[in-house]
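Topology and contacts: notes
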Amino acid sequence: MRLQGAVFDGTEALLDAGGAPLPGVKEFLSLMKIEDVWMYLICDGAAAPVRTALEQSGLWSYFRGLLSAAEQGRPPLDPELYEKAVRRLRTARRATVIFTAREEALRAAKSAGFQVVLVGPSHSVEASSLADVTVADYRDMIRVEH
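Treat the numbers as computed from the prediction; the structure is a model and nothing was measured. (Residues numbered from 1 in each chain as written. Predicted model: local features only at pLDDT ≥ 70, side-chain atom pairs only at ≥ 80, totals over all residues. Heavy atoms only, no water.)

This brings us to the pairing of strand S1 (residues 5–9). For S1, the tally of buried residues reaches 5 of 5 residues, placing the bulk of the element in the interior. Here S1 shows two buried faces, one formed by Gly5, Val7 and Asp9 and the other by Ala6 and Phe8. The pairing of S1 with strand S2 (residues 38–43) spans 5 bridges and is classified as parallel. Considered in S2, the bridge of valine 7 is made with tyrosine 40. With helix H1 (residues 25–34) bridging S1 and the parallel S2, this β-α-β connection has right-handed handedness. Pairing geometry for S1 and strand S4 (residues 96–100), over 4 bridges, is parallel. Paired with valine 7 across the strands is isoleucine 98, a residue of S4. (Buried < 20%, exposed > 50% of the residue type's maximum accessible area, 1.4 Å probe, protein only. Helix = DSSP H or I, 4+ residues; strand = E, 2+ residues; numbered from the N terminus. Pairing = 2+ DSSP bridges. Right-handed = clockwise from strand over helix to strand, strands pointing away.)

Structure follows, in structure tokens:
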């Protein structure tokens, strides 16, 4: 089955500590949009600062929406947030992938039966083996040499 949707877990999966897009992320999101993959974002705290950070980095236009755990009255990492994002995307659950840089989000999503891509260079061996795919950065997803 072809990938229909992607849910990104927080800005850590998209932006570095200084708020700049991670290497290859703009190109990857552009490719996903061209391929008609619908994308959603989930965050722990308030949605407004997250949306502002994505607007300032030029990434907001790639997303169909944003779910805030705090504004939904859910604890961070609640698998129901992933479920709700999939429903809002109107994609098939098995054709929707979660992207995260947080190992605790990886565990939560995997325990709920989602496919997960773990992003980042310094993850534990256990987390890397739990993920469906582990990439150092998004250039690995689009085959761009580092």
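Now, onward.
Soluble, globular proteins show a tendency: their nonpolar side chains are buried together. By size, the foremost hydrophobic cluster in this structure holds 29 residues, and its most contacted members are Phe8, Leu14, Leu29, Phe63, Phe99 and Tyr138. Broken down by secondary-structure element, the contributors of at least two residues to this core are S1, H1, S2, helix H2 (47–57), S4 and strand S5 (115–119). Take this core: its biggest share by element is 4 residues, from H1. Setting aside residues up to four positions removed in sequence, leucine 14 forms contacts with Phe8, Ala20, Pro21, Leu22, Val25, Leu29, Leu41, Leu54, Leu59, Phe63 and Tyr138. Counting residues in hydrophobic clusters, the runner-up holds 19 residues, among them Ile42, Ala85, Val86 and Leu118. (Core = buried A, V, L, I, M, F, W, Y, C linked by side-chain atoms within 4.5 Å. Contact = heavy atoms within 4.5 Å.)

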